[in-house]
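Single-letter residue listing:
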Amino acid sequence: VRLIRVWAVELISPVQRAVSWTIYGVEHGWGGYIGLRRTRQDNEALRAELDRLKVRNAELEGRALEADRLAVLLNFRNAHSEAPMLAAHVIGASPDSGSLVVNIDRGSRDGIRRDMGVITPDGVVGKILAVYPDISQVLLLGDKESGVGALLADTRTQGPVKGTGESQLSLDYISNDEKISAGEAVLTSGQDRIFPKDLPVGTVVDATPDRKTPFMRIRVKPAAHLDRLEEVLVLLTRQELQMKKETGANTEPAAASPAAPAAAKATSNAR
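Right, let's walk through the structure included here.

### Brief notes about the overall build of the chain
Each helix and strand counted, the chain has three helices and twelve strands in total. A fraction of 59% describes how many contacts in the chain between residues 6 or more apart in sequence connect residues 24 or more apart.

### Some words on the sheet that holds strand 4 (residues 123-131)
The strand order 1-2-5-4-3-12 describes a closed barrel built from six strands, whose pairing is antiparallel. If you compare each strand with its neighbour and ignore which way they point, the axes differ by 45° on average. Of the strand pairs in this sheet, strand 2 (residues 101-104) and strand 5 (residues 136-140) are connected by four bridges, and their pairing is antiparallel. The partner of Val102 across the bridge, within strand 5, is Val138.

### Some remarks on the sheet that holds strand 7 (residues 158-162)
A barrel is described by the order of its strands in space; here six strands give the closed sequence 6-7-8-11-10-9, paired in antiparallel fashion. On average, adjacent strands in this sheet sit at an angle of 40° to one another, irrespective of strand direction. In terms of strand pairing, strand 6 (residues 147-152) meets strand 9 (residues 185-188) through three bridges, oriented antiparallel. Bridge pairing links Ala150 to Thr188 in strand 9.

### Overview of a nonpolar patch on the surface
A cluster of nonpolar side chains, namely Ile91, Tyr132 and Ile135, defines an oily patch on the protein surface of about 270 Å² accessible area. Structurally, Ile91 can be placed in strand 1 (residues 85-93). Residue Ile91 is classed as exposed on the basis of its relative accessible area, which comes to 51%.

### Topic: the environment of Arg156
Mapped onto the elements, Arg156 comes out in the loop between strand 6 and strand 7. Each C-alpha atom of the pair Arg156 and Leu187 lies 9.0 Å from the other, and the pair is 31 residues apart in sequence. At 3.1 Å, the side chain of Arg156 forms a polar contact with the side chain of Asp198.

### Let's talk about the environment of Ser108
Checked against the element boundaries, Ser108 lands in the loop between strand 2 and strand 3 (117-120). A residue is classified by how much of its surface remains accessible, and Ser108, at 32% relative accessible area, is partly exposed. Between the C-alpha atom of Ser108 and that of Tyr132, which follows or precedes it by 24 residues, the distance is 5.9 Å.

### Here's the deal with unusual backbone geometry
Despite not being glycine, Asp115 has its phi angle at roughly 75°, a positive value. On the secondary structure map, Asp115 appears in the loop between strand 2 and strand 3. Although it is not a glycine, Arg193 adopts a positive phi angle of roughly 60°.

### A word on the environment of Leu187
Relative to the elements of secondary structure, Leu187 occurs in strand 9. By relative accessible area, Leu187 is classed as buried at 14%. Taking the C-alpha atoms as reference, Leu187 lies 9.0 Å from Gly123; in sequence the two are 64 residues apart.

### Overview of the pattern of salt bridges
Under the criterion given, the structure shown has eight salt bridges. For Glu49, the salt bridge identified is with Arg52, shortest N-O distance 2.7 Å. On the criterion of helical spacing, the pair formed by Glu49 and Arg52 is a turn pair, its members being three residues apart in helix 1 (residues 2-79). What makes Arg52 partly exposed here is its relative accessible area of 46%. Where Lys127 meets Asp115, a salt bridge forms, and the shortest distance between an N and an O atom there is 3.9 Å. Of this pair, Lys127 sits in strand 4 while Asp115 is found in the loop between strand 2 and strand 3, placing the two residues twelve residues apart along the sequence.

### Focus: the packing of aromatic side chains
For the structure on display, the rule yields one aromatic pair. Centroid distance Tyr173 to Phe215: 5.4 Å. Interplanar angle 90°. Geometry classified as edge-to-face. In this pair, Tyr173 sits in the loop between strand 8 (169-171) and strand 9 while Phe215 sits in the loop between strand 10 (200-209) and strand 11 (216-222), placing the two residues 42 residues apart along the sequence.

Procedures and definitions
Here the residue index of a chain counts from 1 through its sequence in written order. With pLDDT at 70 or above as the cut-off, local features in this predicted model cover only qualifying residues; side-chain atom pairs require 80 or more to be listed or tallied, and sums for whole chains, interfaces and linings still use all residues. Hydrogen atoms and water are omitted, and side-chain values are computed over all heavy atoms in the structure. Here a strand is any run of E in DSSP of at least two residues, a helix any run of H or I of at least four, and the numbering for each starts at the N terminus. Residue contacts follow a heavy-atom distance rule, with two residues in contact if any of their heavy atoms lie within 4.5 Å. Criterion used throughout: strands pair if DSSP finds at least two bridges between them. All axes are obtained by fitting lines to C-alpha atoms, using only the stretch in contact for helices, and the reported angles, taken between N-to-C directions, cover 0 to 180 degrees. Residues forming no salt bridge and having over 30% relative accessible area are the ones grouped into patches, like charges within 9 Å of each other and nonpolar side chains (Val, Leu, Ile, Met, Phe, Trp, Tyr) within 5 Å. Residue burial considers only the protein chains on display, and all accessible areas are found by Shrake-Rupley using a 1.4 Å probe. The working definition used for a salt bridge is a side-chain nitrogen of Lys or Arg within 4 Å of a carboxyl oxygen of Asp or Glu. Burial classes follow relative accessibility: with a 1.4 Å probe on protein chains only, a residue under 20% of its type's maximum area counts as buried, one over 50% as exposed, and anything between as partly exposed. Polar contacts, as used here, are pairs of N or O atoms within 3.5 Å; protein pairs need one atom able to donate a hydrogen and one able to accept it. Residues neighboring in sequence count only if both atoms are side-chain atoms. Pairing of aromatic rings covers Phe, Tyr and the six-membered ring of Trp, with a centre-to-centre limit of 6.5 Å; geometry is then stacked below 30 degrees between planes, edge-to-face above 60, and tilted otherwise.

Following this line, the structure appears as C-alpha cells:
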C-alpha cells in the first residue's frame, strides 16, 4: 500500500505542478496586463497634464514680459507728460516682403493722422503711412522709402537717415572731413517736421570716407528694435520732449508685480 501511494504521488505531482503554474501564470499575467494598462493610462494622463502646464507656463511668462513692456511705456509717458502721445499695439505686418510696414490698433477715431511720428522708449520707429477708422499703417524707419532728419550728437552735424531695407540704416551727406567715431549717438534734428528734436535714432556702426563722392558712408544701428515691435507710442504733436540723460534707466524692465496693474490700467484708459 505504501509503494502504491508513493507511485500515485509521483504520478500526480507533475500534473499538480503544471496546473498550479498555469493558474499562477494566468492570474499574475492578467493582473500584470491590467496593471500595465493602468500604468499606461496614468502615463498618458501625466503627459497631458505636463503639456497643459507647459502651455500655461508659457502664457504666464508672456504676460509677465508684456507687463514689463507696458510698465516701460507707462514710465516713459509719465516722464514726458508735456507731450501728448497715444499707446498702441502692433497687430500685424505687411504681406509684402519688400516693405517694412506694420499695422497698429489705433485709427482716425483715436485722433491718428498721416505722417505722425511713431516711437518707443528706445527711439524712433517710423511714421504713420495710412490711416483707417480703427487701424493705421506705420512705415518703419528701415524701409527704403523711409527716412528722418538727423544729426550727430557730438558735432551736431546734420544729415538725413534713410532706410536700406536691411537691419541697419544709412546716414547720408556727411562730409568726408568730419571726424566720426563708432558708437556716436544719432538724434533727430526736427527738420523733417515729423519728429521733435533730439529723439534717439541710433548709433554709428562705422564711418568710411567715399573716394568717389565728398560724403562719407555711415552705417547706423537703429535705437528701436524694429524687428520685434509689440507696443509703440504715437506722437500726437511735434512738441519737444525733454530727453534726459537718465532716460536709459527708464527702459529697464520694472518689477512686474507692482507695475503691471498700473501699466494695464493706463493702457486701458488710453484706449
